[in-house]
Structures are given as structure tokens and as C-alpha cells.
Amino acid sequence: MFSEFLAQKMGMAKYKILEDKTYYGEIPSLQGVWANAKSLEDCRTALKEVLEDWALLKIRAHEPVPGLRIKFDRRGVRKYA
């Protein structure tokens, strides 16, 4: 489910070359999900990492993630020794 979400959102990514010859990538529907790198492939890799981190932080904070349905358990995360 999570990998499908990532693939779907990465399919919406927009890229452009900046004046300094670096690549800028973003997912317009997700505020704050962007990356910048020297090559297009590095930009794609960085953007996917940003997307993963962004989504996991939203999940951890129990905030909605557009395009991903999540059920939260009121018990929270339990640690086992």
C-alpha cells in the first residue's frame, strides 16, 4: 500500500533545470515536498526520500496524508524489550 502511494505521487512529480544547471523537482499537490540536485537521477532519488520522510512524519503525527488511507490505533506505538 505504501509503495503504491509513493509510486503514484512520484508519477505526479514535476522537474525543471534551474539557471545554475541543477535540477529541481517537486510534487505540486504536496506542500513542502521538493528536492534539488546536480543530476536528474539524483533529484528523483532525493525527491522520493523527501516524500517518504514527509509521509512518515505525517503518519507519526496522526495527520492526514492526501491519497493514503490510514487507520490509527488509539493504543499508539508500544515498545517491546
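Scroll up to find the structure.
Remember, it's a predicted structure, so these values are computed and weren't measured experimentally. (Residues numbered from 1 in each chain as written. Predicted model: local features only at pLDDT ≥ 70, side-chain atom pairs only at ≥ 80, totals over all residues. Heavy atoms only, no water.)

K.L.:
Tell me about the environment of K58, residues and numbers included.
P.N.:
One can find K58 in helix α2 (residues 40-60). Setting aside its immediate chain neighbours within four residues, K58 contacts E63, P64 and V65. (Helix = DSSP H or I, 4+ residues; strand = E, 2+ residues; numbered from the N terminus. Contact = heavy atoms within 4.5 Å.)

K.L.:
With reference to specific residues and values, describe the sheet that holds strand β1 (residues 14-17).
P.N.:
Strand order across the open sheet formed by three strands is β1-β2-β3, with antiparallel pairing between neighbours. Across the chains shown, the open sheet's two edge strands, defined by having one partner strand only, are β1 and β3 (34-37). Pairwise comparison of adjacent strand axes, ignoring direction, gives a mean angle of 15° for this sheet. By the bridge criterion, four bridges tie strand β2 (residues 23-26) to β3 in an arrangement that is antiparallel. Bridging across to β3, Y23 finds its partner in A37. Along the sheet face, α2 touches β1, β2 and β3 and points at about 150° away from the line of β3. (Pairing = 2+ DSSP bridges. Axes fitted to C-alpha atoms, helices over the stretch in contact; angles between N-to-C directions.)

K.L.:
Run through the packing of helix α1 (residues 2-10) against α2, naming residues and quoting values.
P.N.:
The interhelical angle for the contact between α1 and α2, taken along N-to-C directions, is 130°, at an axis separation of 11 Å. Taken together, α1 and α2 sit at an angle that is classed as oblique. Along this stretch, α1 crosses α2, giving a crossing that reads as right-handed. From α1, F2, F5, L6, K9 and M10 reach across to α2, where they touch R44, L47, K48, L51, E52, A55, L56 and I59. Tallied by class, residues from the contact of α1 with α2 come to nine nonpolar, no polar and four charged. (Parallel < 35°, antiparallel > 145°, perpendicular 65-115°, else oblique. Left-handed = near helix turned anticlockwise from the far one by under 90°. Nonpolar A, V, L, I, M, F, W, Y, C, P; charged D, E, K, R; others polar.)

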